[in-house]
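# Overview (structure and organization)
Listed below are the residues making up each chain.
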2 protein chains.
Amino acid sequence: MLSKNGEISISVIKRIPRYYRFLEILMNEGVTKISSNELAARMSTTASQIRQDLNCFGCFGMQGYGYNIKQLHSEIGKILNVNKISKMVLIGAGNLGHAIASHMDFKSRGFSLIGIFDKDPDLIGKEINGMTITSMDELDAFCKKNTPKSAIICVPYSAAPEIVKILIENKVKGFWNFSHYNIMKDYPNTVVENVHLSDSLMTLSYQMKK
Amino acid sequence: MLSKNGEISISVIKRIPRYYRFLEILMNEGVTKISSNELAARMSTTASQIRQDLNCFGCFGMQGYGYNIKQLHSEIGKILNVNKISKMVLIGAGNLGHAIASHMDFKSRGFSLIGIFDKDPDLIGKEINGMTITSMDELDAFCKKNTPKSAIICVPYSAAPEIVKILIENKVKGFWNFSHYNIMKDYPNTVVENVHLSDSLMTLSYQMKK
């Protein structure tokens, strides 16, 4: 759905990575083409929703043929801008930060992880996926030299505001925020993608017990 | 917003844990009462949205006083059913599973983690937070004996269907799903809360680069 100024609505944007993910799975399975009906069944959605979303981006299936999976995957990748790699730092190398650094395929999602920072002396100097954990004291100087554009915030709530301040001063504009600090409140002009695992777990609790 | 059959809409449900989280932060800061305006500012939302959501649950602030934070927190906790503890198992003790097991406060979110399973011989027998990682081969027998009601799925896509099948056969009905397996497609009567970190990262990529 395009808004008045030609921008794509946030609800569509939130769905697009899901298409990308399902198309990847299909490619890995060796499937080369798929109809909107088949794709809808795989994704537990409707064919009309898929056609509507993909039409937004100018991705049209061929009548009687469906979508060419590789081509559609590539088109959506361009929309998501995953080919344009942006420099990112990870703040907080505790359990969760460590898991994210080792688990995620940053490159295929449009990012390059260029630094990992922690204040814990037991962690500083250790390696995650070949990258050495650096002292938080060096964050400012590192940013000035290497100009990361985004940061993953994996520190407790109490530590987050001070770190985000340093990052903002160094022109970091995107945050993948796992902390409970409401970055948008203090910095409304940043781009923030929050991941609140405890909210997700409580939603499950509610839905299971109702 | 109540739907026709008196159920609360999914969009409200998704917002409720967020209130719970902000109220926790306020309690930790020693704040005892708050107006809907102040709470709205903290949460980057509107006072009218807050009043509307909380009215749904019969939580009314007092005119000229606002909300009693401790009381509201307790009320929302009851709605989320976090006091009713439900047994949960974790499948997959790799980096992400390990992080979730050590990072999350399950009890305060309505769950009790009673077992951790993996198929990796290097992990079996090791401990996470005092709980021993058990072989996947024992999952079926464990479930029959201990009757967990929900499971965290932290295994790769290819391994997920077989594991979910065992869990479903053992009457597990809730899934906190970190894998890319679409559980709802095969088991539409389950409760699934998906966490797709790569989707979240791609959303950040899109929003930063547009």
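Residues numbered from 1 in each chain as written. Chains lettered and ligands numbered in written order. Predicted model: local features only at pLDDT ≥ 70, side-chain atom pairs only at ≥ 80, totals over all residues. Heavy atoms only, no water.

An unreviewed UniProt entry annotates chain A as Redox-sensing transcriptional repressor Rex originating from bioreactor metagenome.

Turning our attention to the interface of chain A and chain B. Between chain A and chain B, the residue contacts involve 64 residues of the former and 65 residues of the latter. Together chain A and chain B conceal approximately 5900 Å² of surface at their shared face, both sides included; 67% is due to carbon and sulfur atoms. Scanning the region where chain A abuts chain B turns up two salt bridges. Seen at the junction of chain A and chain B, the total is 18 residue pairs in polar contact (both at pLDDT 80 or more). Across the side of chain A that touches chain B, the residue classes tally to 31 nonpolar, 18 polar and 15 charged. (Contact = heavy atoms within 4.5 Å. Buried area = accessible area lost by both parts, 1.4 Å probe. Salt bridge = Lys/Arg side-chain N within 4 Å of Asp/Glu carboxyl O. Polar contact = N/O pair within 3.5 Å; in protein donor to acceptor, adjacent residues only side chain to side chain. Nonpolar A, V, L, I, M, F, W, Y, C, P; charged D, E, K, R; others polar.)

On to the domain arrangement of chain A. Splitting chain A by domain gives domain 1 (10–79) and domain 2 (86–198). Taken over C-alpha atoms, the centre of domain 1 of chain A sits 32 Å from the centre of domain 2 of chain A. (Domains from an automatic or database assignment.)

The terminal C-alpha atoms of helix 9 (residues 197–209) of chain A lie 19 Å apart, and with 13 residues this matches the ideal 18 Å at 1.5 Å per residue to within 8%. Across the 13 residues of helix 9 of chain A, 13 count as buried, placing the element largely inside the fold. (Helix = DSSP H or I, 4+ residues; strand = E, 2+ residues; numbered from the N terminus. Expected span 1.5 Å × (residues − 1). Buried < 20%, exposed > 50% of the residue type's maximum accessible area, 1.4 Å probe, protein only.)

Moving on, we come to the environment of B:A41. Among the secondary structure elements, B:A41 is positioned in helix 2 (residues 36–43). Measuring from C-alpha to C-alpha, the distance between B:A41 and B:Y67 comes to 14 Å, with 26 residues separating the pair along the chain.

With respect to the secondary-structure elements, B:E193 resides in strand 9 (residues 191–194). At 3.1 Å, the side chain of B:E193 forms a polar contact with the side chain of A:S200. In contact with B:E193, not counting residues within four places along its chain, are A:S200, A:T203, A:L204, A:Q207, B:K14, B:F175, B:W176 and B:N177.

It is worth spelling out helix 3 (residues 47–56) of chain A at this point. Side chains of residues three or four places apart in an α-helix project in the same direction, reflecting 3.6 residues per turn. Residue and element names in this part refer to chain A. Among all positions in helix 3, only A47, I50, D53, L54 and C56 are buried. Looking at the packing, one finds that the buried side of helix 3 touches helix 1 (10–28), helix 2 (36–43), strand 2 (67–68) and helix 4 (69–80). Positive backbone phi, approximately 75°, marks G58, located one or two places after helix 3.

What follows concerns a positive patch on the surface. Residue and element names in this part refer to chain A. Together, K84, K87, K149, K171 and K173 line one region of the surface with positive charge. By the element assignment, K84 lies in the loop between helix 4 and strand 3 (86–91). Residue classification places K84 among the partly exposed positions, given a relative accessible area of 47%. (Patch = residues over 30% accessible without salt bridge, like charges linked within 9 Å, V, L, I, M, F, W, Y side chains within 5 Å. Areas by Shrake-Rupley, 256 points an atom, 1.4 Å probe, with all protein chains shown as cover. Lys, Arg positive; Asp, Glu negative; His and termini not counted. Charge placed at Lys NZ, Arg CZ, Asp CG, Glu CD.)

Right, let's talk about unusual backbone geometry for a bit. Residue and element names in this part refer to chain A. With a phi close to 50°, N129 is a non-glycine residue in the positive phi region. Although it is not a glycine, K171 adopts a positive phi angle of roughly 70°. Relative to the elements of secondary structure, K171 occurs in the loop between helix 7 (160–169) and strand 8 (174–177).

All right, on to the sheet that holds strand 5 (residues 127–128) of chain A then. Residues and elements named next belong to chain A. Read from one edge to the other, the open sheet built from seven strands follows the order 5-6-4-3-7-8-9, with strand pairing classed as mixed. Two strands lie at the open edges of the sheet, namely strand 5 and strand 9 (191–194), each paired on one side alone. Bridging between strand 4 (residues 111–118) and strand 6 (residues 131–135) involves three bridges; their strand directions are parallel. Bridging from a neighbouring strand, I116 pairs with I133 of strand 6. (Pairing = 2+ DSSP bridges.)

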